[in-house]
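Notes for the structure review
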Amino acid sequence: MQGYENILQELNRILKPFVPLGQAINEDTDMVADLGLDSLKVMKIIESVEDSFDISIPLNVLPDVRTVKDFALQIQKINGNQ
Amino acid sequence: MAIFDKFQQLAAARKEIAQNCNSFFNIVMEEIISGTEAVVNGRPTILAGSNNYLGLSFDSGCIEAACEAARKEGTGTTGSRMANGTFSGHVALERELAEFFKRQGAIVFSTGYIANLAMLSTLVGPGEIILLDADCHASIYDGCRLAGAEVHRFRHNDPQDLEKRLRRLEKRNTNILVVVEGLYSMMGDRAPLADIVAVKEKYGAYLLVDEAHSLGVLGANGRGLAEEAGVEDEVDFVVGTFSKSLGAIGGFCVSNHPELNLVRYASRPYVFTASSSPSVIASTRKALQLLKTRTELRQRLWENANMLYQKMQNLNFLVGPEPSPIVAVRLKGKAEAFALWSGLLEHGVYVNLVLPPATPDGNCLLRCSVSAGHTPEQMERICQAFTAVRELTAVPQAV
């Protein structure tokens, strides 16, 4: 099972191509309000995360994901379960 | 915050569309001339966006059956299937559907939407998993939401991605229901069903196929993609609708699992809905007979489908991946989509305009659907209208 910091680092790497150039990303970044991600981009990010961590993310958890930290914690939890 | 404040974003989007294309929200079929023609904005218009694949909505036999049932049994059942709403016609239609699909059992629902809602919300529950194709219809997503199960998507028409997810979820040691469609409603492409069946068999999952758009369209006997792909025995549940090839309204599920009948008693969308009216059941039963016997309708449908698909390709429109009765023209910008759609309407042709986020890839779609009921003259007029608007607009060429 991967540690939280490693997950966060990998998540930042995945998010980078989807956000405007120069846009800072940290744990508290709101994925929709701050990064302006639409639903198509969110689904592409999820697919990248799934492949990177070899997990399958259920749609049910998405309403609870608002910030980058929320997402990293969900990945950690799913990583442990799967 | 007022109760309607959450609709502000929707209101803004609606206003933007209305400013660019006012008629988008004002389409009324003022007079129905036939299954393929209606008066819209005071003008006779060819309907090239309905799902009347076999053109049976105006079949005289279906109409007569509906009228006779209304006269004999009334306009509605005024009750649930679980109470006073099961008439002999409902039972007969279930028997006939089971025979047609060569399955042990069938359940009839009041709409196709309810069929998916009822089956998905009942078959799986908390602790179990649904794996659905990303491009599945909203009724499937809504059924999943109601189920309380864990819902996972796999990439559209990608059996490798499905396998990858089944492998990742294998350790969970729980029931997994895979859900796909026979023919996808937006792009008109088939599911790679034989490959999907092979994967789900390998991992011991169940499979539900929604044949809403493929019933009467695919398969030597019109039973849909599972028949065409030769995998009917491996499909656990087939869901479908009466509102497309059968020209009425309603839905069904057929299965060889003897426990299917138990779903009735556990399914809230089945129990707490009034059953289909006698006229609807009667016309559907007649249409099902015609689907079986009038094979020339399917042949004519495919002639029209191939002709329109070919024509769109010749006009350099970007269309779906394979010919089908659903011919979807993909357009990048809303302005072009509005211009083309309005132009077609002015030329007396109605097609569906579908805007993101309702489209699979974020593009706009002019979704055409053809019918066996379209005459050669109507098909020619549809093609002429597309030619005319193609010349009038600067839509980027397909590559």
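Throughout this description, residue numbers start from 1 for each chain and increase along the sequence as written. Going through the entries in the order they are written, you letter the chains from A and number the ligands from 1. Only residues with pLDDT of 70 or above have their local features reported here, since the model is predicted, and side-chain atom pairs are shown and tallied only from 80 upward, although totals for entire chains, interfaces and linings are computed over all residues.

A few points about the overall build of chain B
Here a helix means four or more residues in a row that DSSP labels H or I, a strand means two or more in a row labelled E, and each is numbered from the N terminus. Summing up its helical and strand segments, chain B has 14 helices and 14 strands in all. Taken against the 2.2 N^0.38 rule, which gives 21 Å for 399 residues, the C-alpha radius of gyration of chain B at 21 Å falls within 12% of a compact globule. Dimensions of chain B, computed from the C-alpha atoms along their principal axes, are close to 55 × 55 × 55 Å. Each residue is classified by how many other C-beta atoms fall within 10 Å of its C-beta atom, where C-beta atoms are placed from the backbone; a count of 20 or more means buried, 12 or fewer means exposed, and values in between mean partly exposed. Residue burial in chain B is summarised as follows: out of 399 residues, 51% are buried. Relative to all contacts within chain B whose residues are 6 or more apart in sequence, the contacts with residues 24 or more apart total 71%. To get the radius of gyration, use the C-alpha atoms; to get the globule rule, take the number of residues to the power 0.38 and multiply by 2.2 Å. We call two residues in contact when the distance between their C-beta atoms, placed using the backbone, is within 7 Å.

So, the packing of helix α3 (residues 88–101) of chain B against helix α11 (residues 278–293) of chain B
Residue and element names in this part refer to chain B. Running from N to C, α3 and α11 cross one another at 20°; their axes reach a closest spacing of 10 Å. In this view, α3 runs roughly parallel relative to α11, as classed from their interaxial angle. Here α3 and α11 pass one another in a crossing that is left-handed. On α11, the residues touching G89, H90, A92, L93, E96 and F100 of α3 are P278, I281, A282, T284, R285, L288 and K292. To define axes, lines are fitted to C-alpha atoms, for helices over the stretch in contact only, and angles between the resulting N-to-C directions are given on a 0 to 180 degree scale. Any angle between 65 and 115 degrees counts as roughly perpendicular, while under 35 counts as roughly parallel, over 145 as roughly antiparallel, and the rest as oblique. By the definition used in this description, the sense in which the near helix is turned from the far one sets the handedness, with an anticlockwise turn below a right angle giving left-handed and a clockwise turn giving right-handed.

Thoughts on the packing of helix α6 (residues 159–169) of chain B against helix α7 (residues 193–202) of chain B
Residues and elements named next belong to chain B. Relative to each other, α6 and α7 sit at 10°, their axes nearing to 9 Å. Comparing the axis directions of α6 and α7 gives the class roughly parallel. Once α6 is placed against α7, the crossing between them reads as right-handed. Residues P159, L162, E163 and L166 of α6 pack against D195, I196 and V199 of α7. Broken down by class, the residue content of the contact of α6 with α7 amounts to five nonpolar, no polar and two charged. Residues were grouped as follows: Ala, Val, Leu, Ile, Met, Phe, Trp, Tyr, Cys and Pro as nonpolar; Asp, Glu, Lys and Arg as charged; and all remaining residues, including Gly, as polar.

Some details on the pairing of strand β3 (residues 43–47) of chain B
Residue and element names in this part refer to chain B. Note that strand β2 (residues 37–40) and β3 share four bridges and pair antiparallel. Looking at β3, one finds that E37 is bridged to I46. Where β2 folds back on β3, the antiparallel hairpin that results is connected by two residues, among which N41 adopts a positive phi of roughly 50°. Pairing between two strands is assigned when DSSP locates at least 2 bridges connecting them. Taken together, the two bridges between β3 and strand β12 (residues 349–350) define a ladder with parallel strand orientation.

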